[in-house]
Amino acid sequence: MTIVKRMSFILLASTACVALSACDGADSVGSPGEGVIVVPATPTPSPTPSPTPTPTAGTPATSCPTGTTDVGIIGNYRSCRLPSAITSALSLPKVAGVAYEINGRVDVGVDVGGAGSALGGIPTTLTIAAGSLIYANTTNSDNDFMVVNRGSKLIAEGTETQPIIFTAQANLTGGVNDESQGLWGGIILAGRAPISNCNTTVAGGSAACENVVEGTSTALYGGAVPTDSSGTVRYVQIRYSGTVISPNNEPAGPDAGRHRIGDRARPYPDPQQLGRRHRDLRRPQQPALSRDHRRG
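Keep in mind it's a predicted model, so treat the numbers as computed, not measured.

**What to know about the nonpolar core**
Then step 1. Membership of the largest hydrophobic core comes to 32 residues, with the highest contact counts inside it found for I102, L126, I128, L154, F166 and W184.
Then step 2. Core analysis: the second largest hydrophobic core is formed by 10 residues, F145, V147, I188 and C209 among them.

Rendered as structure tokens:
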């Protein structure tokens, strides 16, 4: 029995020696020694981006374009008033330092009637260049709005980078915020497409079937011209409109009285410089483009 135990011990000891010999002795067991601890370098912080500089205030132009009246300075602009009755073709160029003023009611043309032959009717065209600025004089006691009468046209073609802006006076003098609205009347486009809600007892859809654009008392729409066009409105911003021009009548955008606005209505970038409350033709809003008119 003693011999068996002794043999077991020898075998176990031999196995341990074999295991150690396979390690090549202590020389194969490396010590970490002193070593080198690598500390990652602190990354260089990204430079703080420079804030967008505040645009330098503009300088009012020295004079007004032909067909308008110089009425002084408003904010950083030369105020050039539009005639109250535009009876011949008028073009408003974009001029640095110029803002065109709507003072009270501005009529484009004189109503030609549903048949286009009304006595005294004068068809004409108001053309507004891309990038132009038009504002309503909200310091007066009158309601400020524009009416494009039957037979006349508004050609307002802005671009994505230079939209045409219709706004209120306070927008030029820093008196508006995101909640501002209802500061002026807006734009009314009166056309000659057929209607059925005649204001007299005549056949619906006839040239004599007409009605008054709500709130104006005299601006008529209706006729017998399904393809009638009141012009082209493209990349146009209409801001802070919707004032009450008569009880319960608050035009908020281009109020369409049975007409066709050309064949183009395009969006524009949201404004950042003159405030965010505005109306556009990206998503027509009632009553801007209602079922009572045709839009190409």
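**Some points on the pairing of strand β5 (residues 98–102)**
Then step 1. The buried count for β5 comes to five of five residues, which makes it a mostly enclosed element.
Then step 2. By the alternation rule, side chains of β5 split into V98, Y100 and I102 and A99 and E101, which are all buried.
Then step 3. In the sheet, strand β2 (residues 77–81) pairs with β5 via four bridges, with the strands oriented parallel. Following the sheet pairing, R81 is matched in β5 by E101.
Then step 4. Across three bridges, β5 lies against strand β8 (residues 133–136) in parallel orientation. Its bridge partner lying in β8, E101 is registered against Y135.

**Topic: the environment of A224**
Then step 1. Mapped onto the elements, A224 comes out in the loop between β14 (220–221) and β15 (231–234).
Then step 2. Setting aside its immediate chain neighbours within four residues, A224 contacts G114, R192, P194, G205, S206 and A207.

**Some remarks on the state of the cysteines**
Then step 1. Applying the stated rule across the entire model yields two disulfides.
Then step 2. Between the sulfur atoms of C64 and its disulfide partner C80 the distance amounts to 2.1 Å. Classification of the bridge connecting C64 and C80 rests on its S-S torsion, roughly -90 degrees, and on that basis the disulfide is left-handed. One end of the pair, C64, is in the loop between α1 (2–22) and β1 (69–74); the other, C80, is in strand β2, with 16 residues separating them in the sequence. For the pair shown, C64 and C80 are each scored as buried.
Then step 3. Here C198 is linked by a disulfide to C209, with a sulfur-sulfur distance of 2.0 Å.

**Brief notes about the confidence of the model for the protein chain**
Then step 1. In this model, the protein chain carries an average pLDDT of 76, and 64% of its residues clear a pLDDT of 70 or more.
Then step 2. Every residue in residues 51–57 is under pLDDT 50, and counting partners more than four places away or in other chains gives one contact.
Then step 3. Segment residues 258–296 is flagged for pLDDT under 50; beyond a separation of four residues in sequence, or across chains, it makes 113 contacts in the model.

**Description of the side chain of Q237**
Then step 1. Take Q237: it is sitting in strand β16 (residues 236–238).
Then step 2. We classify Q237 as buried; its relative accessible area is 2%.

**Focus: the sheet that holds strand β7 (residues 125–128)**
The strands that make up a sheet pair up through hydrogen bonds in the backbone, lying either parallel or antiparallel.
Then step 1. Spatially, the four strands line up as an open sheet ordered β4-β7-β10-β15, and their pairing is parallel. Of all strands in the sheet, those bounded by a partner on one side alone are β4 (90–92) and β15. In this sheet, neighbouring strand axes are inclined to one another by 15 degrees on average, regardless of whether the strands run parallel or antiparallel.

**A few points about the sheet that holds β8**
Then step 1. Taking strand neighbours across the sheet as the criterion, the six strands line up as β1-β2-β5-β8-β11-β16 in an open arrangement whose pairing is mixed. Across the chains shown, the open sheet's two edge strands, defined by having one partner strand only, are β1 and β16. Here the average twist between neighbouring strands, direction ignored, is 25 degrees.
Then step 2. As defined by bridge partners, β1 adjoins β2 across four bridges and the pair is classed as antiparallel. Counterpart to D70 in the pairing with β2 is C80.

Thresholds applied
- Residues numbered from 1 in each chain as written.
- Predicted model: local features only at pLDDT ≥ 70, side-chain atom pairs only at ≥ 80, totals over all residues.
- Heavy atoms only, no water.
- Core = buried A, V, L, I, M, F, W, Y, C linked by side-chain atoms within 4.5 Å.
- Buried < 20%, exposed > 50% of the residue type's maximum accessible area, 1.4 Å probe, protein only.
- Helix = DSSP H or I, 4+ residues; strand = E, 2+ residues; numbered from the N terminus.
- Pairing = 2+ DSSP bridges.
- Contact = heavy atoms within 4.5 Å.
- Disulfide = S-S within 2.5 Å.
- pLDDT = per-residue confidence, 0-100.
- Axes fitted to C-alpha atoms, helices over the stretch in contact; angles between N-to-C directions.

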